[in-house]
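Commentary on secondary and tertiary structure
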Amino acid sequence: MTTSADGWPPLSPGERAVAIEVLVHGPLSRSEIARRLNLSAGSLTRLTKPLIESGLLIGSAEDSVPPEIRQGRPSQPLDVVAESRFFAGFKITGDMVYGVVTSLRSDIVARRDRPLTTHEPSQVADLLREMTEGFARDFPRLAGIGIGVGGRAEKRAVVAESAFLGWSDVPLAQLVEERTGLPVVVENDVAALVEAESWFGAGRGLDRFVVLTIGAGIGYGLVLGGKRVASAEDGRGVGRHWPVNPDGPLTPDGGRGSAVSLLTIPSIRYQLRAATGHDMSYEEILAGAAAGDPMASRVVDEAARALGTLVAQIANFVMPQKILLAGEGVGLVDVAGPLVEETILAGRHPQADPVHLETKVSDFHDWARGAAVLAIQVLVLGSAEA
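The following paragraphs examine the structure supplied in this document. Note that the structure is a prediction, hence the values are computed from the model and not measured. (Residues numbered from 1 in each chain as written. Predicted model: local features only at pLDDT ≥ 70, side-chain atom pairs only at ≥ 80, totals over all residues. Heavy atoms only, no water.)

1. Things to note about the pattern of salt bridges
One pass over the structure, following the stated rule, counts 19 salt bridges. As a salt-bridge pair, Glu133 and Arg129 come within 3.3 Å of each other at their nearest N and O atoms. Pair noted here: Glu133 and Arg129 are both in helix H5 (residues 121-138), with a separation of four residues, about one helical turn. For Arg129, a relative accessible area of 22% corresponds to the partly exposed category. A salt bridge links Asp366 to Lys360; the nearest nitrogen and oxygen atoms lie 3.8 Å apart. (Salt bridge = Lys/Arg side-chain N within 4 Å of Asp/Glu carboxyl O. Helix = DSSP H or I, 4+ residues; strand = E, 2+ residues; numbered from the N terminus. Buried < 20%, exposed > 50% of the residue type's maximum accessible area, 1.4 Å probe, protein only.)

Listed below in structure tokens is the structure:
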């Protein structure tokens, strides 16, 4: 879907480049924008005029000053009108829908969560309509919706496959658009999170950047040249086929010694249950390991080694400037961080650059924000790469 949000006509490639530069890195002076995009002053004026007239960018008082007078004056910055439009973002899990409203610059200005009591697509769409209507009452300039789903999405409109929801070929964008009257973008939740972190978060301004998520599953996203690398494997559960310990455990959630079998929350809980007969929460397992419980410590240490091995492999082959570790399972690093670091070092050349591993303590609202960012990219900017 490439339709611009209400009130903004579709952007030309040049206008889009200027808008993205200001949105992500602004406010910026005209001279700095021209330098970054290798544009002449005349070309930049031509490209920024419709952006200012449409209300996407805000011009300075300098715009009304004739060029012959303006020469020699300090260049005034251009910026986006961050609150000219708002966007709803939703993250759908197996039992909850997490919703946020963001400004054009992805700042979260509202949150609303609802339990998901059914996976029937039309009823899920009804729930999204109710949540959107609640947001729209407070933010009447709501311009679009982004939805992140654990699974594989096609054409940013159809949930092709989602094991969490039991869906196959569900036209979710159409269902929600029919109910809300707003344009909708649907994408794999990890892809949406990567876009948000690349544009506005930990990966801002970086050419080579990786997002690794651990939680209910394993998520991986790669940014090269400042752009997310889209792949046919997005949403297919890459962790199931990422071996980290050939002698590791075999669990119902993955092959022997795979990242899924060692690192995901369901697998860690399964291993404790199989060994002790007791069902413990992830938080209880981490607390037990921190307190020195032998069985909890063994399972957590195995997970820490798996994470360190995975990070070292990524660093060896991708050479990213930063790896962001996110997801509901990042508490593992708080308990077993030294072992993770030790394993990373063991898997790297002694003279290799240190791995810049950043851990983000977050909740599902960050994933919902990622979906809103995707809506901004596609609906406002018409970004083909988004």
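2. Brief notes about the sheet that holds strand E4 (residues 86-92)
What the five strands build is an open sheet, ordered E6-E5-E4-E7-E11; its pairing is mixed. Unpaired on one side and paired on the other, strand E6 (108-115) and strand E11 (184-188) mark the two borders of the sheet. Between one strand and the next, the sheet's axes are offset by a mean angle of 20°, whatever the strand orientation. Pairing of E4 with strand E5 (residues 96-102), which is carried by six bridges, proceeds in the antiparallel orientation. Counterpart to Ile92 in the pairing with E5 is Val97. Across the face of the sheet, helix H7 (residues 189-200) comes into contact with E4, strand E7 (142-149) and E11 while running at roughly 105° to E11. (Pairing = 2+ DSSP bridges. Axes fitted to C-alpha atoms, helices over the stretch in contact; angles between N-to-C directions. Contact = heavy atoms within 4.5 Å.)

3. Description of the packing of aromatic side chains
Within this structure, the stated rule accounts for five aromatic pairs. With centroids separated by 5.0 Å and ring planes inclined at 55°, the aromatic side chains of Phe86 and Phe139 adopt a geometry described as tilted. Of the two residues, Phe86 is situated in strand E4 and Phe139 in the loop between H5 and E7; the sequence distance between them amounts to 53 residues. A single burial state applies to Phe86 and to Phe139, both of which are buried. (Phe/Tyr/Trp six-rings, centres within 6.5 Å; stacked < 30°, edge-to-face > 60°.)

4. A few points about the nonpolar core
The biggest cluster of nonpolar side chains holds 38 residues, and the ones touching the most others in it are Leu212, Leu263, Leu307 and Leu332. Going through the elements one at a time, strand E12 (208-214), strand E13 (218-224), helix H8 (259-263), helix H9 (265-276), helix H10 (282-290), helix H11 (294-318), strand E15 (322-326) and helix H12 (331-346) are the ones with two or more residues in this core. Residues in contact with Leu332, not counting those within four places in the same chain, are Ile214, Leu263, Tyr282, Leu286, Val300, Ala303, Ala304, Leu307 and Gly337. Of all hydrophobic cores here, the second largest spans 32 residues; its members include Ile33, Leu56, Val373 and Val380. (Core = buried A, V, L, I, M, F, W, Y, C linked by side-chain atoms within 4.5 Å.)

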